[in-house]
Amino acid sequence: MQMQFTLAPAPEDAAREKGRLLFAAPVEFLKGVVAMAGLPPDDRLEVCFAGRSNVGKSSLINALTNRKNLARASNTPGRTQEINFFTTEGGPYLVDLPGYGYAEAPVAVVKKWHALLKSYLSGRATLRRAFVLIDARHGIKAVDDEILTLLDRSAVTFQVVLTKVDKINKTDREKVIEQVKGALGKHPAAYPEIVVTSSEKGEGIETLRAIIATLE
């Protein structure tokens, strides 16, 4: 039986408050790593954020943490090739993975990035969830599907976060949600709730904070 996908509901009061407190506390950049040997100790849970270049990942992380420049977007998509770790106070690591799918990135860079990503996803026991960001204007593309398949093979639960929903109208929003639901049906590692967000308007940010804060 195929899993049914729904939109993540608004959080209950206790979860909303837990999320608010987590991200109201200090969130600090810890380090950027380019090899598995540089990863920080796996002494707490962590969540990671993945997405195509220009999907709005930096904006989402900044909105989550109430900070303008915690995560910085590169002026050249595909340029940032480090895994960036951020600490929360008493909560999980937030892990910003390099953007993927930038056509002009050198082949050697792409190959190295894929190898690091595969090693990280398959070898990080404390990784509780991957949030895969999908641009609401485009839906899931083939390059996204490659990452989702890698997450399946790595047995890492992932949850889709639609970004930039303020850039499309209601009809197009409904269409892209249905496209995403259909695409996720073939991925066993997919979490059955889709988070709809707008970093600019704040939509879905409380929901995502609560999800992260209540992971165990």
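Residues numbered from 1 in each chain as written. Predicted model: local features only at pLDDT ≥ 70, side-chain atom pairs only at ≥ 80, totals over all residues. Heavy atoms only, no water.

Chemist: What is the right way to look at the overall build of the protein chain in this model?
Modeler: Along its length, the protein chain carries six helices and eight strands. From first element to last, N terminus to C terminus, the protein chain shows the α and β order β-α-β-β-α-β-β-α-β-α-β-α-β-α. Relative to a compact globule of 216 residues, whose C-alpha radius of gyration would be 17 Å, the protein chain shows 16 Å and is just as compact. Its C-alpha atoms give the protein chain principal-axis dimensions of about 45 × 40 × 40 Å. Per element, the accessible surface of the protein chain, about 10800 Å² overall, is 50% carbon and sulfur. For the protein chain, the distance from the average position of its 29 positive side-chain charges to the average position of its 25 negative side-chain charges is 4 Å. (Helix = DSSP H or I, 4+ residues; strand = E, 2+ residues; numbered from the N terminus. Rg over C-alpha atoms; globule rule 2.2 N^0.38 Å. Areas by Shrake-Rupley, 256 points an atom, 1.4 Å probe, with all protein chains shown as cover. Lys, Arg positive; Asp, Glu negative; His and termini not counted. Charge placed at Lys NZ, Arg CZ, Asp CG, Glu CD.)

Chemist: Looking at this model, I keep getting lost on the environment of Gln159. Mind explaining?
Modeler: One can find Gln159 in strand 7 (residues 158–163). Spatially, the C-alpha atom of Gln159 lies 4.9 Å from that of Phe131, the residues being 28 residues apart in sequence. Apart from residues lying up to four places away in sequence, Gln159 is in contact with Arg129, Ala130, Phe131, Val132, Tyr191, Glu193, Val195 and Ile211. Within polar-contact distance, the side chain of Gln159 engages the backbone oxygen of Glu193 at 2.9 Å. (Contact = heavy atoms within 4.5 Å. Polar contact = N/O pair within 3.5 Å; in protein donor to acceptor, adjacent residues only side chain to side chain.)

Chemist: Sorry, what's going on with unusual backbone geometry here?
Modeler: Most peptide bonds adopt trans geometry, and most residues besides glycine take a negative phi value. Phi angles above zero are rare outside glycine, and Asn66 is one such case at about 60 degrees. Residue position: Asn66 is located in the loop between helix 2 (57–65) and strand 4 (83–88). A relative accessible area of 57% places Asn66 in the exposed class. With phi around 60 degrees, Lys164 is a residue other than glycine that occupies positive phi space. (Buried < 20%, exposed > 50% of the residue type's maximum accessible area, 1.4 Å probe, protein only.)

Chemist: Sorry if this is basic, but what is going on with the confidence of the model for the protein chain here?
Modeler: If pLDDT is low for a region, its predicted coordinates should not be looked at in detail. Across the protein chain, pLDDT averages 91, with 94% of residues at or above 70. Note on residues 75–79: pLDDT is under 50 here. Beyond four places in sequence and across chains, it has six contacts. (pLDDT = per-residue confidence, 0-100.)

Chemist: Sorry, what's going on with the pattern of salt bridges here?
Modeler: Any two side chains of opposite charge can pair, so long as their charged atoms come close to each other. Using the criterion set out here, one finds 14 salt bridges in the structure. Note that Lys57 and Asp96 form a salt bridge whose closest N and O atoms lie 2.5 Å from each other. Remark: Asp96 occurs in strand 5 (residues 93–96) and Lys57 occurs in helix 2; sequence separation between them is 39 residues. Note on accessibility: Lys57 and Asp96 belong to one class, buried. Ionic pairing is found between Glu178 and Lys181, a salt bridge with its closest N-O pair at 3.6 Å. With Glu178 and Lys181 both in helix 5 (residues 170–184) and three residues apart, this pair spans about one turn of that helix. Classification of Glu178 by relative accessible area gives partly exposed; the value is 49%. (Salt bridge = Lys/Arg side-chain N within 4 Å of Asp/Glu carboxyl O.)

Chemist: Explain the sheet that holds strand 8 (residues 193–196) here, please?
Modeler: Sheets are built from strands paired through backbone hydrogen bonds, the pairs being either parallel or antiparallel. If you trace the eight strands from one edge of the open sheet to the other, you get 1-8-7-6-3-5-4-2, paired in mixed fashion. Only two strands of the sheet have a single neighbouring strand rather than two, namely strand 1 (6–7) and strand 2 (27–33). Of the strand pairs in this sheet, strand 3 (residues 46–51) and strand 5 are connected by four bridges, and their pairing is parallel. What sits directly across from Cys48, in strand 5, is Val95. (Pairing = 2+ DSSP bridges.)

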